[in-house]
Amino acid sequence: MKILDTDYVATALDRIDYPTDLRALKKSDCPQIAQDIRDLMIQAVSQTGGHLGAGLGVVELTVALHYVFNTPYDKIVWDVGHQAYPHKILTGRKDRIHTLRKGGGLSGFTKRDESEYDPFGAAHSSTSISSALGIAVASELNQQQDKHAIAVIGDGAMSAGMAYEALNNAGALKKKLIVILNDNNMSIAPPVGAMSDYLTKLWSGRAYHKFRDQVAKFASAISHGAERTARKIEEYTKGIAVGGTWFEEMGFHYYGPLDGHDLDTLIPVLENLRDNEDGPVLLHVVTQKGKGYAPAEAACDKYHGVSQFDPATGIQKKSSGGAPSYTSVFADYLIKEAESDDKIVAITAAMPGGTGVDKFQKSFPDRAFDVGIAEQHAVTFAAGMATEGFKPYCAIYSTFLQRAYDQIVHDVAIQSLPVRFMIDRAGLVGADGPTHAGSFDIAYLGCLPNFILMAAAHEADLADMIATSTHINDRPSAIRYPRGAGTGIELPQKGRILEIGRGEIVRQGQKIAILSYGARLSEAIKAADIVKDQFGYDITVANAKFAKPLDNELIESLADQHDLIMTIEEGARGGFGSFVLDYAQDRNLFTKCRFKTMTLPDIFIDQDTPDKMYHQAGLDHIG
């Protein structure tokens, strides 16, 4: 399939619907299948947007895995899911690949209820080794000794502590597990060559296994010292002193590095591991992100996640402009504050571009820190800096901050340390679906003593809240804001200092009051306009700004003047609305007026456009 052809061209991939079809072909057919997958993937993602570079880098590895292993009986767990588009093409979803990340379409990640070939749902990184080890142990308990569990994890995902916890446990359990380290940055070992590929084939074969076991038994019979000497000789012979020794010490048999795009090497090595290994194995493959598509090869960072693009040129479609994004507003106003305050530092966990920390880093390279995919460490690292008088801004998506909850409680809240959490992607996020929705932070932070919680209704709010947070030096605080462009409101030259726990009335009316926390304020105003047009009277709209502490005076005033108070928030039940109800109960306000809370419903809402997702949730001006 040529991606630039306007007329349909038959390809070898047409003969494949499932891996059983692939396994019926000759090995010599696999390179053409890989090329057809790559072409189809480029064509599909150019129309849908999504994660491109990682998938292009594992096309040959995907073909080799499904060619060698008996999927879906054998289980392949793809870490994160960014790599899984070629896997979806080969596992019965080829004809739906153009629906990626669309409403009712294929998920951008692996998803158990989408296919039996997806044994574990993965949208956050570094879970593959743990889940695959669980599958391996369960298979043994089920007397399925012939079943294989394979985890494919990128070198970036290996920066997370959970991956090392899993490696440690797997090495101790010594169960049959294959971990494939997809190294697309050359970060662990030097460049590979024909000799390295040849030796990997040799090491993974039956003859080498027999030799290795005989050496180990012989050395053990002599003395422990001789056994250690034999081990060092083996390591030297294999040439893995730089990268492999560490994995071997963890209890894994290490093979590699080898060229992850060379099917003539990948297939026989995987066959050897399938047939000869009984304990945990780590196969180190080196791939190129964006392989086979020149624009992605030249700028793999920009083609990790893409919007729609022209496949002929690689040029991505740009937004129409207009209002700045909330992320860029955060970066710009933090820079403004940092120009006059040298204690301000910015921290993120492998998302400098997504959070705007990359922009801050250009202005203050010594005061910006990307700690890798390690949210737990990011939070405690920030707490440590706070103890020394610095003002850390920990910028992490809402969905990823969940991974560091224990650290938020013990290392920040209990010690009342002034870490400032910048919670990007609050609320529903569209094509990434429920795994990336920022649904729970209001509830899980609001129950913690010592926290100040703010939510921006628009860009000017965000600027003000950043300025305010610089003066909060006795406790932690959090500011949440949504994905995407702002409302277009005029921005101040510099943010103003807000009174803590004080909201404001945006529109004065009667009978009904809407108390909005966060970016649904604009929808509340639209709803007020509809009421005015249809019923002829104004309703009150208020911007809460703070969920903790609550503006109790504002709540009391609204209860005195209205028949109904409706709270609205872009979060799950148990958040802002619950805080208001608790206060109303304590103050016996239910005798004065009725209260209704509007939250995200108690379901996980599937991917779609944000507008459609909010309509389904009942959190737009129509709902």
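Predicted model, so just to flag it, every value in this text is computed and none were measured.

Details of the overall build of the protein chain
Looking only at helices and strands, the protein chain features 25 helices and 19 strands. When each of the 623 residues of the protein chain is scored for burial, the buried share is 57%. Residue pairs at least 24 apart in sequence account for 76% of intrachain contacts in the protein chain once pairs closer than 6 positions are excluded. Total accessible area computed for the protein chain in this model is approximately 26,000 Å², and 52% of it derives from carbon and sulfur atoms.

Topic: the sheet that holds strand E13 (residues 477-480)
As a general point, the strands of a sheet are linked pairwise by backbone hydrogen bonds and lie either parallel or antiparallel. On the basis of which strands lie adjacent, the open sheet formed by seven strands has the order E9-E8-E10-E11-E13-E12-E17 and mixed pairing. Lying at the two open borders of the sheet, with one neighbouring strand each, are strand E9 (368-370) and strand E17 (546-548). Strand-to-strand twist of the sheet, defined as the mean angle between neighbouring strand axes without regard to direction, takes the value 20°. Across four bridges, the pairing between strand E11 (residues 420-424) and E13 is parallel. Note on E13: the bridge partner recorded for methionine 422 is isoleucine 479. Against the sheet, helix H17 (residues 375-387) touches strand E8 (344-348), E9, strand E10 (391-397) and E11, its axis set at about 165° to E10.

Things to note about the sheet that holds strand E18 (residues 562-569)
An order of E14-E16-E15-E18-E19 is seen for the five strands of this open sheet, with the pairing classed as mixed. The strands lining the two open edges of the sheet, one partner per strand, are strand E14 (504-507) and strand E19 (594-598). Between one strand axis and the next, the sheet turns through 25° on average, direction left out of account. Pairing of E14 with strand E16 (residues 540-543) involves three bridges; the strand directions are antiparallel. By the bridge assignment for E16, arginine 507 is matched with valine 541. Of the strands in this sheet, E14, strand E15 (511-517), E16 and E18 are in contact with helix H23 (residues 552-561), which crosses E18 at around 140°.

Here we look at the pairing of E16
Of the two faces of E16, the one holding Thr540 and Ala542 and the one holding Val541 and Asn543 are both buried throughout. As judged from the four bridges shared by E15 and E16, these two strands associate in the parallel manner. Counted as the bridge partner of alanine 513 is threonine 540 from E16. Between the parallel pair E15 and E16, the chain is carried across by helix H22 (residues 521-535), and the sense of this crossover is right-handed.

Details of the pairing of strand E5 (residues 253-259)
Along E5, five of the seven residues are buried, which leaves the element largely enclosed by surrounding structure. As paired elements, E5 and strand E6 (residues 280-286) share five bridges and run parallel to each other. Bridge pairing links leucine 258 to valine 285 in E6. A crossover links E5 with its parallel partner E6, the connecting element being helix H12 (residues 263-276), and its sense is right-handed.

What about the environment of proline 119?
Looking at the element boundaries, proline 119 is found in the loop between helix H5 (85-93) and helix H6 (128-141). Ignoring any residue separated from it by four or fewer positions in sequence, one finds proline 119 in contact with Lys75, Ile76, Val77, Arg112 and Ile135.

As for H22
Relative to the 21 Å expected for 15 residues at 1.5 Å per residue, H22 spans 21 Å between its end C-alpha atoms, a close match to the ideal helical length. Residues of H22 that are buried sit in contact with E14, E15 and E16. Glycine 536, located one to two residues past H22, shows a positive phi value of around 80°.

So, unusual backbone geometry
Of note, the amide linkage connecting threonine 71 to proline 72 takes the cis form, showing an omega dihedral of 10°. With respect to the secondary-structure elements, proline 72 resides in the loop between helix H4 (59-68) and strand E2 (75-78). Of the consecutive residues lysine 548 and proline 549, the connecting peptide bond is found in the cis state with omega at -5°. Relative to the helices and strands, proline 549 resides in the loop between E17 and H23. One non-glycine residue, serine 126, lies in the positive phi region at around 75°. Relative to the elements of secondary structure, serine 126 occurs in the loop between H5 and H6. Relative accessible area serves as the criterion here: at 1%, serine 126 is assigned to the buried category.

Thoughts on helix H14 (residues 326-339)
With 14 residues, H14 ought to run about 20 Å at 1.5 Å a step, and its terminal C-alpha atoms sit 20 Å apart, in line with that. Burial runs high along H14: eleven of the 14 residues are buried.

Cut-offs applied
In this numbering scheme, every chain counts its residues from 1 along its sequence in written order. The predicted nature of this model means local features are confined to residues of pLDDT at least 70 and side-chain atom pairs, given and counted, to a pLDDT of 80 or more, with totals for whole chains, interfaces and linings taken over all residues. With hydrogens and water set aside, each side-chain value is computed from the structure's full complement of heavy atoms. Strands here are runs of E lasting at least two residues and helices are runs of H or I lasting at least four, both read from the DSSP assignment and numbered beginning at the N terminus. Remark: exposure states derive from per-residue accessible area (1.4 Å probe, protein chains only) relative to the maximum for the residue type, with buried under 20%, exposed over 50%, and partly exposed in between. Should any heavy atoms of two residues lie within 4.5 Å, those residues are considered in contact. Residue-level accessible areas treat just the shown protein chains as cover; the underlying method is Shrake-Rupley with a 1.4 Å probe. Criterion used throughout: strands pair if DSSP finds at least two bridges between them. Only the stretch in contact is used when fitting a helix axis, every axis being a line fitted to C-alpha atoms; angles between N-to-C directions are given from 0 to 180 degrees. Every crossover in which the path from the first strand over the helix to the second runs clockwise, viewed with the strands pointing away from the viewer, is termed right-handed. Expected span of a helix: the number of residues minus one, times 1.5 Å.

Fair warning: the whole summary comes from geometry, so function is off the table for now.
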